[in-house]
Amino acid sequence: MKKWITKTNLSIVLLSTLALSACSSATPTATEALAAATSSTATVSTTAITASSSTALKVSDLVTFDSGDDAIDWKSSDYTAIQLTGSSATITGNGATTTSSIITITAGGTYVLSGELTDGQIVVDSQDDEDVILVLNGVTITDNDSAPIYIKEAKNAFITLADGTENVITDGATYTLADDTTDEPSAAIFSKADLTINGEGTLSVKANYKDGITSKDDLKIVSGTLNITAKDDGIVGKDMVAIEEGTFHIVAGGDGIKSTNNTDADKGFIAIAGGTFDIQSTNDGIQSEKQLVIDDGTFNIVSGGGHTQAEAKVEEQPGQGGGFGGRQTQDAQATATTSTETATSSTDTDATATESTSTKGLKATGDITINEGMFTIDSADDAVHSNATVHVTGGTLEIATGDDAMHADVDLNISGGKINITTSYEGLEATNINVSGGDTNVIASDDGVNASGDANITTTETSTTEPTPTESSTTATTSTDPTSTTDPAGNSAPPGGFGGGQGSSQNALLNITGGTLTVDAQGDGLDSNGSITMSGGTVIVNGPTTNGNGSLDYDGTFEMTGGYVVAVGSSGMTQAPSDDSTQAAISMSYSATQNAGTLVHIQDSEGKNILTLAPTKDYQSVVVSSPDLVKGSSYSIYTGGTSTGTATDGLYADGEYTGGTKVVDFELASQITWVNESGVTTANTGFGGGGGQRPSRNMTNNTTTDSTSDTAQ
């Protein structure tokens, strides 16, 4: 397995320490790893981090949208009219005053604004118990040295976009703040109260100072069209960002949408029920300090300029593996090397934070749940990244990334949806990867699927949790050094991320129970630094063409009890399922490389099709496990020829195979049968153990029986 690291100033001493610790204990079997992943939990401290894989959430589990969030019929209610007149305003009604170009609202109620304010400000400073509703009824508001709309205090604040209106808010490049102890306001629309935006009009925000829209409490967006161009972040909600619907066009020099509360356990999440989102961000597209839950919507996200702008990776040298893999968890590396902004708010209870140049598509410190939606993500860094667990229960995702397509520090659970990864460094990466449904296609320049874990993982058995029928639920405990940090929600992970290399993880697990998984990888196809279990589903791997990697690569065991897997690729590092699997498997090695597209066909003595595959790349080995393989039965392997069937990802499930050349006849004498062109041979055994273990690079097969050559009829 080749691993890579990005150029960094991290200490070689730290790397070496982690690598040594990763090699210190034996790797558990797949059964032991699965038991540990489904019946363990732990506690959070500064030296031992626990990240528990929760059940996939829905938006309704976090926030409720009700009629009180909707736009009112303001034309039929009592309201105060504020007609903006350039440098001043005409006010009809109560609750508002004007001093020069500053309009101040001091009481709850409904205020309808129209006209233009060329260099002034709308200030809300209401001390009573009534909500303040600002109806933007076709306004253009510019403030050259502060926030054009500044909500200092209100019970709740609402901005309603009047139907059919265009509203433009613009600030200047520099703000004149009250004194040197404050950094507020920091957005063109800035609220220190809970803020809800609704209505069917259009709001265009041109934020030349920092952020477009910021709420220091809750931020709800119910409807409307929002066009935001921001020097820094587009939309910011401290305690939450909750979006029910709307159309969003965001161009941000920082993050597109973000939450910032990292101290309160029940706050700091992002919940999106629907909407249409077009986000171009220099940093992360959507970034949550806690959970990120998406129920539906259409998302087009380009972060960091897209995958073509990814940082180049260099191959790591021997002894540099085990734990880093070139990345540090939640951007610790970027924070250590490139700081773009440090800000401390005098009125904010959050700790001082250093914002790093992270360029991910979807990112969360807590769990990420994707229940439905259409996603097109082009990211310089990970497309989907969680410091805890990622759940995909539905939706369609088209991903191009310069790093991992989907990364979770703890668990990656795929139970539904369609995932198409067209470009990635590694496709799927997590400590534990559970595939129980869905249709996933991975193209990766390194490992396709990497259950990489962490070198210092330990588990504490306390209880057993039964997974739901559609979602595997696992819990992992990660023990790290004292520099580790956690948030109050318990979602975090150790510094260093993943990678494997010379130091493999003891508890990593790839668990496949259903769905379809297709992998095209230049590195390892399926890679577990622990073990692999498979009981259902279909897996097709077009693996590496060089002998330094393998289509299947695991350090523990690969227990095959059901499903269908075929893995083709180079032969130097060939592994097959373990001998204690209950479902039989065949591993075929050729003396010469077979050209891409050349069919490989396996049938039983009655002519029943076991495998007809057109590999997409050159190959020299084929591993297949099928429920139709029966120990004691006879089989034949052919090469070339044609099939009248229809191929799905190169695999023919129907049609008639003809015209191929018979390579070998053999009997399936053992649970895992190793075959070459001369017949049954011994297993690759050069890497510590039984028939499924990783071979040494110079291992050659021997002890052959049964040689035959023929042509399929």
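What you see is a predicted model, and the numbers here were worked out from it, not measured in a lab. (Residues numbered from 1 in each chain as written. Predicted model: local features only at pLDDT ≥ 70, side-chain atom pairs only at ≥ 80, totals over all residues. Heavy atoms only, no water.)

## Describing the overall build of the chain
Let me state the cut-off plainly: Working definition: helices are DSSP H or I runs of at least four residues, strands are E runs of at least two. Numbering for both runs from the N terminus. A simple rule labels every residue: compare its accessible area, found with a 1.4 Å probe on the protein chains alone, to the largest value its type can have, and call it buried under 20%, exposed over 50%, or partly exposed in between. Surface exposure here means Shrake-Rupley accessible area, sampled with a 1.4 Å probe, where a residue is shielded only by the protein chains that are shown.
The helix and strand tally for the chain stands at 3 helices and 62 strands. Counting every position in the chain, which comprises 713 residues, the buried fraction comes to 58%. For the chain, the exposed area adds up to about 25100 Å²; of that, 47% sits on carbon and sulfur atoms.

## Details of the environment of glycine 254
Which entries qualify depends on this criterion: Note on definitions: a residue-residue contact is assigned when non-hydrogen atoms from the two residues lie within 4.5 Å.
For glycine 254, the position within the fold is in the loop between strand E22 (247-252) and strand E23 (257-259). Judged by its relative accessible area of 0%, glycine 254 is buried. Sequence separation between glycine 254 and serine 358 is 104 residues, and the spatial gap between their C-alpha atoms is 9.1 Å. Residues in contact with glycine 254, not counting those within four places in the same chain, are Lys231, Asp232, Asp233, Ser281, Thr282, Asn283 and Asp284.

## A few points about the pairing of strand E24 (residues 269-272)
The criterion, for reference: Strands pair, by our definition, only if DSSP identifies at least two bridges between them.
Neither face of E24 is open: one carries Phe269 and Ala271, the other Ile270 and Ile272, and all of them are buried. Two strands pair when backbone bridges link them, and strand E21 (residues 240-243) and E24 are joined in this way by 4 bridges, in the parallel orientation. Looking at E24, one finds that valine 241 is bridged to isoleucine 270.

## A word on the nonpolar core
Spelled out, the test is: Side-chain atoms within 4.5 Å link the members of a nonpolar core, which is a set of buried Ala, Val, Leu, Ile, Met, Phe, Trp, Tyr and Cys residues.
With 103 residues, the main nonpolar core has Ile213, Ile257, Ile286, Leu362, Leu428 and Leu526 as its most contacted residues. If you tally residues by element for this core, the top one is strand E40 (residues 426-444), at 6 residues. Aside from chain neighbours lying at most four places away, what touches isoleucine 257 is Ile235, Val241, Ile243, Ile250, Ile270, Phe277, Ile279, Gly285, Ile286 and Gln287. Val568, Tyr590, Leu651 and Phe666 belong to the second-largest nonpolar core, a separate cluster that totals 25 residues.

## Things to note about unusual backbone geometry
A cis geometry characterises the amide bond from glutamate 184 onward to proline 185, with omega recorded as 0°. For proline 185, the position within the fold is in the loop between strand E13 (166-171) and strand E14 (187-191). In the Ramachandran plot, serine 100 falls in the positive-phi region, its phi being about 55° despite a non-glycine side chain. Topologically, serine 100 is positioned in the loop between strand E6 (96-99) and strand E7 (102-105). A positive phi angle is found at aspartate 649, which is not glycine, with a value near 55°. Looking at where aspartate 649 falls in the secondary structure, it is placed in the loop between strand E56 (647-648) and strand E57 (651-652). Residue aspartate 649 is classed as partly exposed on the basis of its relative accessible area, which comes to 36%.

## Some points on the packing of aromatic side chains
Quick reminder of the rule: Planes of paired rings set the category: under 30 degrees apart is stacked, over 60 is edge-to-face and the rest tilted, where pairs are Phe, Tyr or Trp rings (Trp by its six-membered ring) whose centres lie within 6.5 Å.
This structure, assessed with the given rule, holds 10 aromatic pairs. Measuring from centroid to centroid gives 5.9 Å for tyrosine 590 and tyrosine 619, while their planes differ by 80°, and the two rings are edge-to-face. Taken as a pair, tyrosine 590 in strand E50 (residues 585-594) and tyrosine 619 in strand E53 (residues 619-625) lie far apart in primary sequence, 29 residues in all. In terms of burial, tyrosine 590 and tyrosine 619 fall into one category: buried. Taking 6.3 Å as the distance between ring centres and 35° as the angle between the ring planes, the aromatic pair formed by tyrosine 635 and phenylalanine 666 counts as tilted.

## As for the environment of isoleucine 235
As for its placement among the helices and strands, isoleucine 235 is situated in strand E20 (residues 235-237). Each C-alpha atom of the pair isoleucine 235 and threonine 214 lies 6.0 Å from the other, and the pair is 21 residues apart in sequence.

## Some remarks on the pattern of salt bridges
The following threshold applies: The term salt bridge refers to a side-chain nitrogen of Lys or Arg lying within 4 Å of a carboxyl oxygen of Asp or Glu.
Enumeration according to the criterion identifies 11 salt bridges in this entry. Glutamate 184 serves as the salt-bridge partner of lysine 216, at 3.9 Å between the closest nitrogen and oxygen. Here lysine 216, found in the loop between strand E17 (211-215) and strand E18 (218-221), pairs with glutamate 184, found in the loop between E13 and E14; they are 32 residues apart in sequence, far enough to count as distant. Here the two residues lysine 216 and glutamate 184 agree in accessibility, since each one is buried. With a shortest N-O distance of 3.5 Å, aspartate 233 and lysine 258 are connected by a salt bridge.

## Focus: the side chain of asparagine 371
To keep it simple, the criterion reads: Contacts described as polar in this section are N or O atom pairs within 3.5 Å, which, within protein, must combine one atom able to donate a hydrogen with one able to accept it, while residues neighboring in sequence count only if both atoms come from side chains.
Topologically, asparagine 371 is positioned in the loop between strand E33 (368-370) and strand E34 (374-379). Asparagine 371 sits in the buried class, given a relative accessible area of 9%. A polar atom in the side chain of asparagine 371 sits 2.8 Å from the side chain of aspartate 295. What asparagine 371 contacts, discounting residues up to four positions off in sequence, is Leu57, Lys58, Val293, Ile294, Asp295, Thr393, Gly394 and Gly395.

## Points about the environment of tyrosine 590
With a relative accessible area of 5%, tyrosine 590 lands in the buried category. Taking C-alpha positions, tyrosine 590 is 8.7 Å from valine 622, a pair spaced 32 residues apart along the chain.

## Structural notes on the pairing of strand E49 (residues 558-569)
Looking along a regular strand, one sees side chains alternate from face to face of the sheet. Counting buried residues in E49 gives 11 out of 12 residues, a clear majority hidden from the surface. Sheet analysis places strand E47 (residues 531-542) next to E49, joined by 9 bridges and oriented parallel. The partner of valine 541 across the bridge, within E49, is alanine 567. The sheet contact formed by E49 and E53 spans 5 bridges and is antiparallel. In the strand pairing of E53, alanine 567 is matched with valine 623.

## So, the confidence of the model for the chain
Reading predicted coordinates in detail is not appropriate for stretches of low pLDDT. Our working definition: On a range of 0 to 100, pLDDT expresses the predictor's confidence in each residue.
On average, residues of the chain carry a pLDDT of 81, and 75% of them reach 70 or more. Below a pLDDT of 50 lies the segment residues 36-53, which in the model reaches 72 contacts outside its immediate sequence neighbourhood of four places, other chains included. This model gives residues 685-713 a pLDDT under 50, and the stretch forms 91 contacts once residues within four places in sequence are excluded.

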